[in-house]
Amino acid sequence: MDIKALNLASRLAISGLCLSILYGILYAAMAISLSTTGQIAQIPSLNTVQQKYAGIAIVSAMKGSMYDHVSDDDYIEVVKDWVEAGSSQALYDTDIAPIMDEDCTACHSLGSTMTDAMTSMPLTTYDEVKALTKKGIPWNKLAVETHTHLFAISMMVFILSMLLSMTHVFDWIKYVLISAAFLGLWGDVLFWTLAKFVGFVGYLIPLTGGLLISGLGAMAVVVLVDCWFRVPWISKRENS
């Protein structure tokens, strides 16, 4: 089927889908930046990403998205040392609770009325803080994000792949973009889990995420342009 042979309404709908996906990619990049650096438009370093997916959860947050709220850099090391020493309640009471009270509980408490309150993640008791001393993304959050990622994004990749198959670009380009998007998706969710056990894997997550975003974005652009014009340089010559 030729995508240009579709009626006007169909091509408008396809164009709207492609533009929405490209807009969504922009906000996905913003979300990644906010969750790793705390800034709207800052490219996270490899170490920051590795810490998010393979480091101690509370320490990673203090080094990344919550860094602006840490009043003393030494507090990060104090919390890290406490976790590595076994996260005892005795040390929590003497060393960690005062840090939480000074830097965290104003927002991270059930009764917080702060603008950026995180009432769903209180840090007011030993058990609440200890729950964030595991490496990587907590299992309950990981399970939700993984299945949502797979169900939602795989459908998006599939739809774009089917639309791409109707364009006039060279077949090898179709194969590369479709493979890149699916491999990036599978690699992303696999590495999220593996990073909890093998820290080095955390450094590979930007690669798989970039592969997914690049594949999605490129497919959306090619489909959008090919709906209305001949994509320059990478399209087959039309028969005269």
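Residues numbered from 1 in each chain as written. Predicted model: local features only at pLDDT ≥ 70, side-chain atom pairs only at ≥ 80, totals over all residues. Heavy atoms only, no water.

## A short note on the overall build of the protein
Using the following cut-off: Every helix listed is a DSSP run of H or I at least four residues long, and every strand listed is a run of E at least two residues long, numbered separately from the N terminus. Values of the radius of gyration come from C-alpha atoms, whereas the globule rule sets the reference at 2.2 Å times the count of residues to the power 0.38. Per-residue accessibility, obtained with a 1.4 Å probe over protein chains only, is compared with the maximum for each type, and a residue is labelled buried under 20%, exposed over 50%, and partly exposed between these values. Whether two residues are in contact is decided by their heavy atoms, any of which lying within 4.5 Å being enough. In short, Shrake-Rupley with a 1.4 Å probe defines the accessible areas, and a residue's cover is counted only from the protein chains shown. Positive residues here are Lys and Arg, negative ones are Asp and Glu, while His and the chain termini are left out of the count. Charged side chains are reduced to one point each, which is NZ for Lys, CZ for Arg, CG for Asp and CD for Glu.
Secondary structure summary: the protein contains nine helices and zero strands in total. For the protein, the succession of helices and strands along the chain, N to C, is α-α-α-α-α-α-α-α-α. Against the globule reference of 18 Å for 240 residues, the protein gives a C-alpha radius of gyration of 23 Å, more extended than a compact globule. Dimensions of the protein, computed from C-alpha atoms along their principal axes, come out at roughly 80 × 35 × 25 Å. Burial status across the protein gives 40% buried among its 240 residues. Long-range contacts, defined here as pairs at least 24 residues apart, represent 66% of the contacts in the protein between residues at least 6 apart. With the model as given, the accessible surface of the protein reaches about 13,400 Å², and the carbon-plus-sulfur share is 66%. Computed over 14 positive and 21 negative side-chain charges, the separation of the two mean positions in the protein equals 18 Å.

## Side note on the domain arrangement of the protein
Inclusion rule: Per the annotation, domain bounds derive from an automatic or database assignment of domains.
Taken as a whole, the protein is organised into domain 1 (3-43 + 137-228) and domain 2 (56-130). Between domain 1 and domain 2, the C-alpha centre-to-centre distance is 34 Å.

## Here's the deal with the side chain of serine 15
Along the chain, the position of serine 15 falls in helix 1 (residues 8-37). Using a relative accessible area of 8% as the deciding quantity, one classes serine 15 as buried. If near-sequence neighbours (up to four positions away) are discounted, serine 15 is found in contact with Leu224, Cys227 and Trp228.

## What to know about the side chain of threonine 133
Short version of the rule: Under this definition, polar contacts are N or O atom pairs within 3.5 Å; protein pairs additionally need one hydrogen-donor-capable and one acceptor-capable atom, and for neighbouring residues in sequence, both atoms have to be side-chain atoms.
For threonine 133, the location among the structural elements is in the loop between helix 6 (126-130) and helix 7 (139-164). A polar atom in the side chain of threonine 133 sits 2.6 Å from the backbone oxygen of lysine 130. Here threonine 133 is in contact with Ile56, Trp82, Val83 and Ser87, once residues within four sequence places are set aside.

## Section: the packing of helix 4 (residues 73-84) against helix 5 (residues 89-103)
To describe two helices that pack against each other, one gives the angle between their axes and the distance between the axes. Counted only if it meets this: Comment: axis = line fitted to C-alpha atoms, over the contacting stretch for helices; angle = value between 0 and 180 degrees taken between N-to-C directions. By definition in this entry, angles of less than 35 degrees are roughly parallel, angles greater than 145 are roughly antiparallel, angles of 65 to 115 are roughly perpendicular, and the rest are oblique. Handedness of a crossing follows from how the near helix is turned relative to the far one, being left-handed for an anticlockwise turn of less than a right angle and right-handed for a clockwise one. Under the scheme applied here, ten amino acids are nonpolar (Ala, Val, Leu, Ile, Met, Phe, Trp, Tyr, Cys and Pro), four are charged (Asp, Glu, Lys and Arg), and all others, including Gly, are polar.
Here helix 4 crosses helix 5 at 140°, and the two axes come no closer than 11 Å. Here helix 4 lies oblique to helix 5, going by the angle between them. Considering how the two elements wind past one another, helix 4 and helix 5 form a crossing that is left-handed. Along its contact with helix 4, which presents Tyr75, Val78, Val79 and Trp82, the element helix 5 presents Leu91, Tyr92, Asp95, Ile96, Ile99, Met100, Glu102 and Asp103. Looking at the contact of helix 4 with helix 5 residue by residue, the classes come out as nine nonpolar, no polar and three charged.

## Quick word on the pattern of salt bridges
Worth spelling out the cut-off: The salt bridge definition used is simple: a Lys or Arg side-chain nitrogen within 4 Å of an Asp or Glu carboxyl oxygen.
In the structure shown here, the tally under the stated rule is three salt bridges. Lysine 4 serves as the salt-bridge partner of aspartate 226, at 3.5 Å between the closest nitrogen and oxygen. Placement of aspartate 226 in helix 9 (residues 205-226) and of lysine 4 in the segment before helix 1 is noted, with a sequence separation of 222 residues between them. Judged by relative accessible area, lysine 4 falls into the partly exposed class, the value being 25%. As a salt-bridge pair, lysine 174 and aspartate 171 come within 3.7 Å of each other at their nearest N and O atoms. Linking lysine 174 with aspartate 171, this pair stays in helix 8 (residues 171-194), spanning three residues, or about one helical turn.

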